[in-house]
Amino acid sequence: MESERWVFLNGEYKRKAEATISVFDHGFLYGDGVFEGIRVYSGNVFRLHEHMVRLYESAKSILLDIPYTLEELEAYVVETVRKNQLLDAYIRLIVSRGDGPLGLDPAECEIANIIVIVDKIRIYSQELYDRGLTAVTVPTRRNIPDALNPRVKSLNYLNNILAKAEAKQAGAGEAIILSSDGYVTEGSSDNIFIVKDDILYTPPCYLGALKGITRQAIFDIAEELGLPVKEEPFTRHDIFNADEVFLTGTGAEIISVVQVDGRPIGEGVPGPISKDLVTQFRKLVTVDGISAFPAEVKV
Ligand code: PDD
């Protein structure tokens, strides 16, 4: 049951209702912190180590000290999954700057707040996975790297939220966010790939995209399938002329985009390469990672 969820909070496991933080937490007050979204598939915490590495890189990038080693925090994540007895789940791992006085100065916060939530999530309906998503390019541009680097998975998601809101206002399911130079960067919470003549293309992260774990899994699967992947800038012109477009993310997983800015992509239905990638991805996610339930424990 939902109310029975265990939350890891600063070294202790608390029931959902007792898992509270101070209103003086600087993650709450100023979005000062970093986070990860991680999925559990049949008890396997998919590519957990890769997520942990990215979390610590994001934290280092914003001068935020995490009061655990990567291995210690990784173990707490696995234990929180185990305590919740969920074979299939979504993990939200949050590191905020911690409690401090009003005022931005991060030095005023003594120690980070560390939170691990394990729960269920559904970003898109099954119908949208079957039928494909409509997307629009939105007016809101992606943060520029020398303002707030999109490589940092920070608690600052207003750039992403505004993009998502603009897509929904336009009656679309997801936003495609352009860089200030008009290049395609990514979705509001997912990376983007296009397929043209059996070649996959995805924007280089320096344009303004999170270095996605799922994005990397597509690179690995494409290599096994003998599909070339090119990381190179592209624009709406390339999207409109693509054979297929799909988005990747821990929450979104892999979802086809069949219409962009009112224009059908390819045949206007999920394409064959996207489908092959989904099939292979489903096999990969149950084995590549860290098991939260040792073989002898049957959940
Ligand atoms: N994060 N780009 C952005 C801006 C994202 O927020 C996300 C995913 C991705 C995909 O990255 P990954 O494959 O590592 O999940 C790209 C949301 C919160 C999620 O899907 O969990």
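Cut-off values and rules
Residues numbered from 1 in each chain as written. Predicted model: local features only at pLDDT ≥ 70, side-chain atom pairs only at ≥ 80, totals over all residues. Heavy atoms only, no water. Core = buried A, V, L, I, M, F, W, Y, C linked by side-chain atoms within 4.5 Å. Buried < 20%, exposed > 50% of the residue type's maximum accessible area, 1.4 Å probe, protein only. Helix = DSSP H or I, 4+ residues; strand = E, 2+ residues; numbered from the N terminus. Contact = heavy atoms within 4.5 Å. Axes fitted to C-alpha atoms, helices over the stretch in contact; angles between N-to-C directions. Parallel < 35°, antiparallel > 145°, perpendicular 65-115°, else oblique. Left-handed = near helix turned anticlockwise from the far one by under 90°. Nonpolar A, V, L, I, M, F, W, Y, C, P; charged D, E, K, R; others polar. Domains from an automatic or database assignment. Buried area = accessible area lost by both parts, 1.4 Å probe. Salt bridge = Lys/Arg side-chain N within 4 Å of Asp/Glu carboxyl O. Polar contact = N/O pair within 3.5 Å; in protein donor to acceptor, adjacent residues only side chain to side chain. Expected span 1.5 Å × (residues − 1). Near = heavy atom within 4 Å. Areas by Shrake-Rupley, 256 points an atom, 1.4 Å probe, with all protein chains shown as cover. 1 Å grid on protein atoms, 1.4 Å probe; cavity = no way out; pocket = protein on both sides within 12 Å on 5 of 7 lines; lining within 4 Å. Sits in = over half its atoms within 2 Å of the grid points.

## Overview of the nonpolar core
If you look at the biggest cluster of nonpolar residues, it comprises 31 residues, and the most contacted ones within it are M52, L55, L73 and I91. Only β3 (33-41), α2 (48-61), α3 (70-84), β5 (89-96) and β6 (113-119) provide two or more residues apiece to this core. Beyond its immediate sequence surroundings of up to four residues, I91 is in contact with E36, G37, I38, V40, V45, V77, V81, V116, I117 and V118. Counting residues in each nonpolar core, the second largest holds 23 residues, with A135, V184, I194 and A242 among its members.

## Brief notes about the packing of α2 against α3
The contact between α2 and α3 brings their axes to 10 Å, and the two run at 130°. When the interaxial angle is binned, α2 and α3 end up oblique. In this structure, α2 crosses over α3, and the sense of that crossing is right-handed. In this structure, α2 uses L48, H49, M52, V53, L55 and Y56 to contact α3, whose residues at the interface are L70, L73, E74, V77 and V78. Taken together, the residues that form the contact of α2 with α3 break down as nine nonpolar, one polar and one charged.

## As for the domain arrangement of the protein
Parsing the protein into structural domains produces domain 1 (6-119) and domain 2 (126-284). If you average the C-alpha positions of domain 1 and of domain 2, the two centres end up 26 Å apart. Tallying the contact residues gives 23 residues for domain 1 and 20 residues for domain 2. For the pairing of domain 1 and domain 2, the buried interface totals around 1,700 Å² over both sides, and the portion due to carbon and sulfur atoms is 60%. Its largest share of buried area at the contact with domain 2, domain 1 owes to F35, R47 and R54, together 36% of the area lost on that side. Between domain 1 and domain 2 we count two salt bridges in total. Note that R47 is salt-bridged to D220, the shortest N-O span being 2.9 Å. Connecting domain 1 to domain 2 are 10 residue pairs in polar contact (both at pLDDT 80 or more). Per-class residue counts for the side of domain 1 that touches domain 2 are nine nonpolar, eight polar and six charged.

## Thoughts on the environment of W6
Among the secondary structure elements, W6 is positioned in strand β1 (residues 6-9). A relative accessible area of 22% means that W6 is categorised as partly exposed. Note: C-alpha distance between W6 and G98 (92 residues apart in sequence) is 21 Å. With residues up to four places along the chain from it excluded, the contact list for W6 reads Y13, K14, R15, T80, K83 and N84.

## Points about α2
Residues three or four positions apart in an α-helix share a direction because the helix packs 3.6 residues into each turn. If you check α2, its first and last C-alpha atoms are 20 Å apart, about what 14 residues at 1.5 Å a residue would give, namely 20 Å. L48, H51, M52, R54, L55, Y56, S58 and A59 are the residues of α2 that are buried. Packing partners of the buried residues in α2 comprise β3, β4 (44-46), α3, β5, α6 (213-225) and β16 (289-291). Trailing α2 by a residue or two, L63 shows a phi angle of about 55°, which is positive.

## A closer look at the site of the ligand
Around the ligand, a shell composed of 22 residues is seen, among which Y90, K153, Y157, T214 and T250 lie nearest. Protein contacts shield 97% of the accessible area of the ligand, which totals 470 Å² for the unbound molecule. If you map the ligand onto the pockets, it falls in the largest pocket. Put simply, the parts of the chain that give the shell around the ligand at least two residues each are β3, β5, α6 and β13 (244-249). Class assignment of the residues belonging to the shell around the ligand gives a composition of five nonpolar, 11 polar and six charged.

## What to know about the pattern of salt bridges
Summed over the entire model, instances satisfying the criterion amount to 14 salt bridges. A salt bridge links R131 to E127; its shortest N-O distance comes to 2.9 Å. Taken together, the residues R131 and E127, both in helix α4 (residues 126-131) and four residues apart, mark about one turn of the helix. Judged by relative accessible area, which is 46%, E127 ranks as partly exposed. Between R142 and E186 there is a salt bridge, with its nearest N and O atoms 2.8 Å apart. With a gap of 44 residues between them, R142 in the loop between β7 (133-137) and α5 (158-169) and E186 in strand β9 (residues 184-187) connect regions that are remote in the sequence. As far as the burial class goes, R142 and E186 line up, both buried. The network of salt bridges with common partners includes R39, E253 and R282.

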